[in-house]
Amino acid sequence: NKNKKLLDIEVKPLHDADHDVVAPHGIIGQAYDGDDIGIHGKIDSRRGDETTTTAQAEGAIEGAWEEYMVSSPFSTDFKYSRFDATAAKPRDVSALTGVKTAWRSGKEQMVGATGTLEVV
């Protein structure tokens, strides 16, 4: 898969997720934290014909990837679940160690893969 993406998606909220009473969370949802800052986590380096993934979004997500695992395919039970919450604040971006970048404030905001980093 050299020079190819295994998963290339963009997610667009259908409501104002940045200002919801229950802030979104999970691997993708936590990107909507209302702060106009993008966070880029650790990225695997590619050497040779084969790559072993080790980065796992380290630095861009709260906690570790293992804390986002659920007990079954349709379960909502993970450490940061907000499925039944009536109120929840967004993640604390200042606690993240990833590269912080300018978000496209005022434009249609989507979460997904990008080929460029604009460091703040």
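This structure is a prediction, so every number in the text was calculated from the model and none was measured.

All right, on to the pattern of salt bridges then. If you walk through the whole model with that rule in mind, you get 3 salt bridges. For Glu67, the salt bridge is made with Lys79, and the minimal N-O distance between the two is 3.2 Å. On the criterion of sequence distance, the pair formed by Glu67 in the loop between β2 (37–40) and β3 (99–102) and Lys79 in the loop between β2 and β3 is long-range, its members being 12 residues apart. Owing to a relative accessible area of 25%, Glu67 belongs among the partly exposed residues under this scheme.

Another aspect to go through is the side chain of Gln30. For Gln30, the position within the fold is in the loop between α1 (26–29) and β2. When its relative accessible area of 2% is taken as the criterion, Gln30 is described as buried. Within the structure, the side chain of Gln30 is placed 3.2 Å from the backbone nitrogen of Glu62, a separation counted as a polar contact. Contact partners of Gln30, with chain neighbours within four places excluded, come to Pro24, His25, Ala60, Ile61, Glu62, Tyr68 and Arg91.

To continue, consider the environment of Ala102. Note that Ala102 resides in strand β3. Judged by relative accessible area, Ala102 falls into the partly exposed class, the value being 37%. Spatially, the C-alpha atom of Ala102 lies 9.0 Å from that of Ile39, the residues being 63 residues apart in sequence.

Summary statistics for the protein give a mean pLDDT of 80 and a share of 79% for residues scoring 70 or more. The secondary-structure element of the protein with the lowest mean pLDDT is strand β4 (residues 111–112), recorded at 60, while β3 shows the highest, at 86. For residues 116–120, every residue scores under 50 in pLDDT, and the model assigns this stretch 11 contacts once sequence neighbours within four places are set aside.

Moving on to a nonpolar patch on the surface. Judged by side-chain polarity, Ile9, Ile27 and Ile28 come together as a nonpolar surface patch covering roughly 240 Å² of accessible area. A relative accessible area of 37% means that Ile9 is categorised as partly exposed.

For the rest of this paragraph, the subject is the packing of aromatic side chains. Using the criterion set out here, one finds 2 aromatic pairs in the structure. Through a chain of ring-to-ring contacts, the aromatic side chains of Tyr68, Phe78 and Tyr80 assemble into a single cluster.

A word on the environment of Asp33. The residue Asp33 is located in the loop between α1 and β2 in this model. Of the residues examined, Asp33 reaches a relative accessible area of 8% and is grouped as buried. C-alpha separation for the pair Asp33 and Lys89, spaced 56 residues apart in sequence, amounts to 8.4 Å. Discounting residues that sit within four places of it in the chain, Asp33 has contacts with Asp18, Pro90, Arg91 and Val93.

Calculation rules
Residues numbered from 1 in each chain as written. Predicted model: local features only at pLDDT ≥ 70, side-chain atom pairs only at ≥ 80, totals over all residues. Heavy atoms only, no water. Salt bridge = Lys/Arg side-chain N within 4 Å of Asp/Glu carboxyl O. Helix = DSSP H or I, 4+ residues; strand = E, 2+ residues; numbered from the N terminus. Buried < 20%, exposed > 50% of the residue type's maximum accessible area, 1.4 Å probe, protein only. Polar contact = N/O pair within 3.5 Å; in protein donor to acceptor, adjacent residues only side chain to side chain. Contact = heavy atoms within 4.5 Å. pLDDT = per-residue confidence, 0-100. Patch = residues over 30% accessible without salt bridge, like charges linked within 9 Å, V, L, I, M, F, W, Y side chains within 5 Å. Areas by Shrake-Rupley, 256 points an atom, 1.4 Å probe, with all protein chains shown as cover. Phe/Tyr/Trp six-rings, centres within 6.5 Å; stacked < 30°, edge-to-face > 60°.

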